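Below are the chains, spelled out letter by letter.
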Amino acid sequence: MSATATAAATAAPPTTAPVRAGRARGAGLGLLAWLAGIVFFLPIAWMALTSFHSEADAATNPPSFAASLTLDGYREFFGTGGGASPWPALVNSAVASIASTLFVLVLALPAAYALSIRPVKKWTDVLFFFLSTKMLPVVAGLLPIYLFAKNTGMLDNIWLLVILYTSMNLPIAVWMMQSFLAEVPVAIIEAAQIDGARLPTILTRVVAPIALPGIAATSLICFIFSWNELLFARVLTGVVAETAPVFLTGFITSQGLFLAKVCAASLVISLPVLAAGFAAQDKLVQGLSLGAVK
């Protein structure tokens, strides 16, 4: 074998360097993603650790990570020490969030269908109008809504919050679902119409299964917005319709120590949102990426 042939046989393939560079780039991006995840997780981990400390240990500066652990904060939250029970507030938040999310889906799906699959004239202007309703500061509409609730006898009524949360989340839901439904093939809908399917059947049996990731993402976002809403719930409710965020603010006082108790309450109140996000994470990612991630 000649020297030229031997050198060619022992030479590295020309594609080795780009492959190694691609692997190094992927490893770097993976490490960066892990670092970003740790940075976002640290406040939650700190809150969880603080919730298991006594009030004296939680108030130290800097915090003592080696302090003894206790469940006193959770006992105070659940009212075992003689305080108020959080269960009515948690139930009210669940009712307001779930009911408003269902109403939003029922109203947003036909609206998004009309703006995407069967678009009306100047549908972009319609979408901008929906989005422009979110530009008004919430506090600007607080007084008129309070006066309306007072004159109609709906103060401290959970169904008033359901109506408000539905109206607040509906523009965002229509905007999101319009982009999701725009990806539905029109040929499938036309085939269903040829078979004699009417609009309700098309929406529930044809469009909804195809757009399920987008519907799941929209539902989760509306649920989170409703669960975390505080301003309207604080002003318009009292004892009967008190929600979990309002109940949480009751632990903050001008005197005494309350950090461990607030951390315990915050962790418990955050669990439904975390559980819903974990359960629907695949649909959420697929929906928010407009189906690009399979």
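Look up a bit, the structure's there.
The text that follows walks through the structure, step by step, so that each part is easy to find. Fair warning: this is a prediction, and the values are worked out from it, not measured in the lab.

A short note on the packing of helix H8 (residues 158–181) against helix H11 (residues 212–228)
Part 1: Where H8 contacts H11, the two axes come as close as 10 Å, and the packing angle between them is 155 degrees. The angle between H8 and H11 falls in the class roughly antiparallel. Read as a crossing pair, H8 and H11 show a hand that is right-handed. Contacts from Tyr165, Asn169, Ala173, Met176, Met177 and Phe180 of H8 reach H11 at Gly214, Ile215, Ala217, Thr218, Ile221, Cys222, Phe225 and Ser226.

Examining helix H14 (residues 259–279)
Part 1: In this model, H14 (21 residues) spans 30 Å end to end at C-alpha, consistent with the 30 Å of a helix rising 1.5 Å per residue.
Part 2: Where H14 bends most, at Leu271, the angle is about 35 degrees, and the proline Pro272 comes one to four residues later.
Part 3: Ala260, Lys261, Val262, Cys263, Ala264, Ala265, Ser266, Leu267, Val268, Ile269 and Val273 are the residues of H14 that are buried.

Some thoughts on the nonpolar core
Part 1: Ala108, Tyr113, Met177, Leu181, Ile189, Ile202 and Val207 are the most contacted members of the largest nonpolar core, which totals 28 residues.
Part 2: Elements with a minimum of two residues in this core: helix H5 (87–116), H8, helix H9 (186–194), helix H10 (199–210) and H11.
Part 3: Apart from residues no more than four positions distant in its own chain, Val207 is found in contact with Tyr113, Ile117, Leu181, Ile189 and Ile202.
Part 4: In this structure, Met47, Leu90, Trp227 and Ala244 belong to the second largest nonpolar core, which totals 19 residues.

Reading the values: the criteria
- Residues numbered from 1 in each chain as written.
- Predicted model: local features only at pLDDT ≥ 70, side-chain atom pairs only at ≥ 80, totals over all residues.
- Heavy atoms only, no water.
- Axes fitted to C-alpha atoms, helices over the stretch in contact; angles between N-to-C directions.
- Helix = DSSP H or I, 4+ residues; strand = E, 2+ residues; numbered from the N terminus.
- Parallel < 35°, antiparallel > 145°, perpendicular 65-115°, else oblique.
- Left-handed = near helix turned anticlockwise from the far one by under 90°.
- Contact = heavy atoms within 4.5 Å.
- Expected span 1.5 Å × (residues − 1).
- Bend = angle between axes of the 7 residues up to and from the residue.
- Buried < 20%, exposed > 50% of the residue type's maximum accessible area, 1.4 Å probe, protein only.
- Core = buried A, V, L, I, M, F, W, Y, C linked by side-chain atoms within 4.5 Å.

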